[in-house]
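Chain by chain, the residues:
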Amino acid sequence: MHYHYFTLEQRASLEREMRSSLMDPELGPALERLHSADYGVCEACGADIAFRRLQTDPLARRCPNCS
Ligand SMILES: [Zn+2]
């Protein structure tokens, strides 16, 4: 299994971002993804998605090359 490189602090920061920007129906699944092993990994090529990109779009599923 591929575990991601984010620190706990970074995950906490992304969680705060999600809680402040998402509505209830989206928030549940988004938080589940955040704490799954493949969060922050591009679903197309498997590359890590930059933390800064996720800060502005915590739901991003693809890296800039694939989106
Ligand atoms: Zn990609």
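Residues numbered from 1 in each chain as written. Predicted model: local features only at pLDDT ≥ 70, side-chain atom pairs only at ≥ 80, totals over all residues. Heavy atoms only, no water.

1. Quick word on the overall build of the chain
As a reminder, the rule being used: Each helix is a run of DSSP H or I of at least 4 residues and each strand a run of E of at least 2, with the numbering of both proceeding from the N terminus. We compute the radius of gyration over the C-alpha atoms and compare it with the globule rule, which gives 2.2 Å times the number of residues raised to the power 0.38. Per-residue accessibility, obtained with a 1.4 Å probe over protein chains only, is compared with the maximum for each type, and a residue is labelled buried under 20%, exposed over 50%, and partly exposed between these values. Reported accessibility uses the Shrake-Rupley method at a 1.4 Å probe radius. Residues are deemed covered only where the shown protein chains occlude them.
The helix and strand inventory of the chain stands at 3 helices and 0 strands. A globule of 67 residues ought to have a C-alpha radius of gyration of about 11 Å, and the chain, at 11 Å, matches this closely. For the chain, the C-alpha atoms occupy an extent of roughly 30 × 25 × 20 Å along the three principal directions. Classification of the 67 residues of the chain by burial places 34% in the buried group. As displayed, the chain has an accessible area near 4500 Å², and 51% of this comes from carbon and sulfur atoms.

2. Digging into the coordination of the zinc ion
Coordination angles at a metal have ideal targets, namely 109.5 degrees for four tetrahedral donors and 90 or 180 degrees for six octahedral donors. Note the following rule: Here a donor is an N, O or S atom found within 2.8 Å of the metal, or within 3.2 Å if the metal is Na, K or Ca; sites may look incomplete because water is not among the atoms. All geometry calls rest on donor angles, where a four-donor set with angles between 85 and 135 degrees is tetrahedral, four- and six-donor sets with opposite donors more than 155 degrees apart and all others between 65 and 115 are square planar and octahedral, and all else is irregular.
Those protein atoms acting as donors to the zinc ion are Cys42 (SG), Cys45 (SG), Cys63 (SG) and Cys66 (SG), and they sit at 2.3 Å. Metal-centred angles of 106 to 116 degrees between the 4 donor atoms at the zinc ion mark the site as tetrahedral. One chain supplies every donor to the zinc ion, and in sequence these donors are spaced C-x2-C-x17-C-x2-C. Within this pair, whereas Cys42 is found in the loop between helix H2 (24-34) and helix H3 (51-56), its partner Cys66 is found in the segment after H3, the two being separated by 24 residues in sequence.

3. Quick look at the side chain of Ser13
Where we set the bar: Whether two residues are in contact is decided by their heavy atoms, any of which lying within 4.5 Å being enough.
By the element assignment, Ser13 lies in helix H1 (residues 8-21). Residues contacting Ser13, with those up to four places away along its chain left out, are Phe51 and Gln55.

Functional significance is not addressed by these values, which are geometric in nature.
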